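This is what each chain is made of:
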Amino acid sequence: MSSSSQVAESWISSFCSLLGHEYFAEVSEDFIEDDFNLTGLQSQVPMYKEALEMILDVEPDDDEDEEDEEDEDEDEEDMLGEGDRPTGYRRAGDRRHMRMASDLSMIESSAELLYGLIHQRFIISRPGIQQMAEKYDLQHFGLCPRVNCNGVKVLPVGCSDTPGQETVKLFCPSCLDVYTPPNSRFQSVDGAFFGTTFGCLFFMTFPELDVGTMRVQTDDRMASDTNSASTIINGIPATSRIPLPPQPSIINGVAPHNLAPGLGTGNIHEPRIYGFRVSERARSGPRMKWLRSRPDDINELDEAKRFWEDQEEVLEDEGTEMEEEAMDGQQGIDADEGSAIAASVKKARKAQLNGGVSPMDTNGVGEGG
Amino acid sequence: MLTNVLQFISSRGNEYFCEIDEEYLTDRFNLTGLNVEVQYYQYALDLVTDVFDLDCDDDMREQIEKSARHLYGLVHARYIVTTRGLAKMLDKFKKADFGKCPRVMCTSQPLLPMGQSDVPNTSPVKLYCARCEDIYNPKSSRHAAIDGAYFGTSFQNILFQVYPSMMPAKTQRRYEPRVFGFKVHAAAALMRWQAMQRDDMKDRLQAAKVESGFEEEDEEMESEDELDDEMEGEQVAPPL
Ligand SMILES: [Zn+2]
Ligand SMILES: [Zn+2]
């Protein structure tokens, strides 16, 4: 009677091995059996009890219950039936068989919905996020399609936590953007089954994970200032380079080398025609560089500090001295950070030094006339 | 029409190429300098133009076919920036023959093929999205193996200069990383900084009386944004 008794594989592992389900983690039965984890799902999933039994490979129990349900169904059918009942004689057994099959497929789709909603919660639990970390390591979710992200590994995410809104997307930690999975088979996977929290929580949970490599080598054609609207012949250095002030080892809770390493100087596409940069002022000129930019001087992202600096500048003109003091203070705070982070920050800083000039210096320069 | 050319462009993996006119291929002027770039140049050209009649072994034939494909690619880079070539590529662009932008916020904007270099064998073909102005790797490994020089670095920009109406409106809409409904501080700070760069650019364009090309809906969004930012506070703001 029940199909579950015939398959050796559990419902969960067979669900996860389906084509298009490669992103799913196998939720542990422990997790599902803990009622706390299922809070509120009953109202979201039709045939909740049956669906849950299917997921856990529990045999549907009590013949009594089943018969009761059947009676109800029969009544319903009688009420609906009348006109559109097929003219041919269909034996009761056949009818019953068909109804069971359709019930089963309804339970099946309920089970998928329920599993997805549990999955959304599971992958932000400790064992779940660990399992996803293993899948991430093995590149189960693929790579960022963006050329300047240099094949950084991505994570499946949802743009909504409500099922039925959007399909699963891929979050890239290197450009902080989301992409449609390359294979169309993922376009039937609900994004809510991964949820909006997982992507970022993942990288907050594993801060030591290197999300991508900063571009170290300097490509002259790209590394020149990103804000200039002037057309400069390929190869001529755009502006003299000013060394950066000391960089913090942590910015807004993240190591700078892990904060969108795929963005910023050297990682922004520069449109050219026969080697000449297309001017910002051209009708078809670049307008989206901001989307892929990142300050060379990461201190610019310290909003609180910047606020106080601005205040100081209003009061007196000795801005630079204040800045240096503030910077020293910042470094003091973070002195006990791991040497690994310090080393990578140093590396990142070197990359930035090679990378070119701070956008700050070019803001508004040369735009006047 | 040249049968070998038709066969080439209709074979699997060559969907990015358009058909080069026979007149273009047979005009020596258009091939200037390619004889030093292509091995067995004359045989390759004969093969491309359907006049190949050399009796040779399979190895040689294979060599010549390889050269013919290389030659076709190099001529292709020149052809697609001509009026006729641009029109053909525009047709393919409209049909999304080159694929659609994988970036979610670009809402399936059709892409254009491009090279990161005009020198052959430097880097494979990439796909340019005019909506986000970024470049992406082709999905299929067959496409990812095509030389970018067969499309060149200028083509996609020339296409939009010649057909400015094909330029899609830019959008400010973007993905905002959230955890339990709250914006993530580090990413949010970076995005505010980026928004400042964008607004500076808009000011520059306005001062120069140039249209920015952004969607109208963006204006509305900006005020929403500000509201959102205030809610964010210090990461421990009360739930919305
Ligand atoms: Zn990326
Ligand atoms: Zn795009």
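Along each chain, the written sequence defines residue order, and numbers are assigned to residues from 1. Chain letters and ligand numbers both follow the written order, the letters beginning at A and the numbers at 1. Two thresholds apply to this predicted model, a pLDDT of at least 70 for residue-level local features and 80 or more for giving and counting side-chain atom pairs, whereas whole-chain, interface and lining totals are computed over all residues. Computation of side-chain values: all heavy atoms of the structure, hydrogens and water removed.

Student: Explanation requested: the overall build of chain A in the structure shown.
Tutor: Helix and strand definitions follow DSSP, with helices as H or I runs of at least four residues and strands as E runs of at least two, each counted in order from the N terminus. Helix and strand content of chain A: 12 helices and five strands. Exposed residues in this analysis have more than 50% of their type's maximum accessible area, buried residues have under 20%, and partly exposed residues fall in between, with area computed by a 1.4 Å probe over protein chains only. Considering chain A as a whole, with its 369 residues, one finds that 46% of them fall into the buried category. Contacts were defined at the residue level, with two residues in contact if any of their heavy atoms lie within 4.5 Å. Here the contacts in chain A between residues at least 6 apart in sequence split such that 71% fall between residues at least 24 apart. Here, Shrake-Rupley sampling with a 1.4 Å probe gives the accessible areas, and only protein chains in the shown set may cover a residue. Carbon and sulfur atoms form 52% of the exposed surface of chain A, whose accessible area is close to 19100 Å².

Student: Any chance you could explain the coordination of the zinc ion (ligand 2) here in plain terms?
Tutor: Each pair of donors in an ideal octahedron of six around a metal sits at 90 or 180 degrees, and each pair in an ideal tetrahedron of four sits at 109.5 degrees. Here the zinc ion (ligand 2) is held by the protein donor atoms Cys101 of chain B (SG), Cys106 of chain B (SG), Cys129 of chain B (SG) and Cys132 of chain B (SG), which lie 2.3 Å from it. Distances decide who is a donor: an N, O or S atom must be within 2.8 Å of the metal, or within 3.2 Å for Na, K and Ca. Water is not included, so sites may look incomplete. In primary-sequence terms, the residues that donate to the zinc ion (ligand 2) follow C-x4-C-x22-C-x2-C.

Student: Help me out: how do you make sense of the side chain of His76 of chain B in this one?
Tutor: Along the chain, His76 of chain B falls in helix 4 (residues 58–79). Discounting chain neighbours no more than four positions away, the residues touching His76 of chain B are Tyr16, Phe17, Cys18, Ile20, Met89, Tyr150 and Phe151 of chain B.

Student: It is not clear to me how the packing of aromatic side chains should be interpreted in this structure. Could you clarify?
Tutor: Note on aromatic pairs: each is described by the distance of the centres and the angle between the planes. Classification of ring pairs uses Phe, Tyr and Trp, with its six-membered ring standing for Trp, and accepts pairs whose centres are within 6.5 Å; under 30 degrees between planes counts as stacked, over 60 as edge-to-face, and the remaining range as tilted. Taken as a whole, this structure holds 30 aromatic pairs over all chains when the rule is applied. For the pair Phe202 of chain A and Phe203 of chain A, a centre-to-centre distance of 5.1 Å together with 80 degrees between the ring planes defines the contact as edge-to-face. With a relative accessible area of 0%, Phe202 of chain A lands in the buried category. Among the residues examined, Phe203 of chain A registers a relative accessible area of 13% and is labelled buried. Taking 5.8 Å as the distance between ring centres and 65 degrees as the angle between the ring planes, the aromatic pair formed by Tyr16 of chain B and Phe98 of chain B counts as edge-to-face.

Student: Even after reading the chapter, I still don't get the packing of helix 3 (residues 41–48) of chain B against helix 4 of chain B, so can you show me in this structure?
Tutor: Relative orientation and spacing of two packed helices are given, respectively, by the angle between their axes and the distance between those axes. All names here are of chain B. Angles run from 0 to 180 degrees between N-to-C directions of axes, and those axes are lines fitted to C-alpha atoms, restricted for helices to the stretch in contact. Here helix 3 crosses helix 4 at 75 degrees, and the two axes come no closer than 8 Å. Considered as vectors, helix 3 and helix 4 are oriented roughly perpendicular to each other. Here Tyr41, Tyr43, Ala44, Leu45, Leu47 and Val48 of helix 3 lie close against helix 4, whose contacting residues are Met60, Arg61, Ile64, Glu65, Ser67, Ala68, Leu71 and Tyr72. Here the contact of helix 3 with helix 4 is composed, by residue class, of 11 nonpolar, one polar and two charged. The scheme is simple: roughly parallel for angles under 35 degrees, roughly antiparallel for over 145, roughly perpendicular for 65 to 115, oblique for anything else. The nonpolar class holds Ala, Val, Leu, Ile, Met, Phe, Trp, Tyr, Cys and Pro. Asp, Glu, Lys and Arg form the charged class, and all remaining residues, Gly among them, are polar.

Student: I would appreciate a short explanation of the interface of chain A and chain B in the present structure.
Tutor: Interfaces are frequently sized by the accessible area removed from exposure as the parts join. Taken together, the contact between chain A and chain B spans 57 residues of the former and 58 residues of the latter. In total, about 5100 Å² of surface goes out of reach between chain A and chain B, with carbon and sulfur atoms giving 60% of it. Of all residues in chain A, His269, Arg287 and Trp290 of chain A bury the most surface against chain B, accounting for 15% of the area lost on that side. By definition, a salt bridge exists where a carboxyl oxygen of Asp or Glu is found within 4 Å of a side-chain nitrogen of Lys or Arg. If you look at where chain A meets chain B, you find five salt bridges. For the salt bridge of Arg103 of chain B with Asp177 of chain A, the shortest nitrogen-to-oxygen distance reads 2.6 Å. The term polar contact refers here to a pair of N or O atoms within 3.5 Å; inside protein, the definition further demands a hydrogen-donor-capable atom paired with an acceptor-capable atom, and it admits residues adjacent in sequence only when both atoms are side-chain atoms. Where chain A meets chain B, there are 21 residue pairs in polar contact (both at pLDDT 80 or more). Split into classes, the residues belonging to the side of chain A that touches chain B amount to 30 nonpolar, 11 polar and 16 charged. Summed over both partners, the accessible area (1.4 Å probe) lost when two parts come together is defined as the buried area.

Student: What is the right way to look at the coordination of the zinc ion (ligand 1) in this model?
Tutor: All names here are of chain A. Bound to the zinc ion (ligand 1) are the protein donor atoms Cys144 (SG), Cys149 (SG), Cys172 (SG) and Cys175 (SG), situated 2.3 Å from the metal. Here the zinc ion (ligand 1) binds four donor atoms, and the angle range of 102 to 120 degrees at the metal identifies the geometry as tetrahedral. Mapping the donors of the zinc ion (ligand 1) onto the primary sequence gives the spacing C-x4-C-x22-C-x2-C. You can see Cys149 sitting in the loop between helix 6 (126–137) and strand 1 (155–157) and its partner Cys175 sitting in the loop between strand 2 (169–172) and strand 3 (177–179), a full 26 residues away along the chain. Between 85 and 135 degrees for all angles marks four donors as tetrahedral; over 155 degrees for opposite donors together with 65 to 115 for all other angles marks four donors as square planar and six as octahedral; every other arrangement is irregular.

Student: Please explain the state of the cysteines as it appears in this structure.
Tutor: Cysteine pairs can be linked by a disulfide, which is a covalent bond between their two sulfur atoms. The disulfide criterion is simple: two cysteine sulfur atoms within 2.5 Å. In the structure shown here, the tally under the stated rule is zero disulfides over all chains. Just so you know, Cys200 of chain A is unpaired, no disulfide at all, and the nearest cysteine sulfur is the one on Cys172 of chain A, 12 Å from it.

Student: Is there a simple way to think about the confidence of the model for chain A in this case?
Tutor: Keep in mind that low pLDDT regions are not for reading the predicted coordinates in detail. Residue and element names in this part refer to chain A. When pLDDT is averaged along chain A, the result is 75, and 64% of the positions lie at 70 or above. pLDDT is a per-residue confidence score from the predictor, ranging from 0 to 100. Under a pLDDT of 50 for its full length, residues 63–93 has, in the predicted model, 16 contacts with residues more than four places off or in other chains. Between residues 318–369, whose pLDDT stays under 50, and residues either more than four places distant or in other chains, the model counts 76 contacts.

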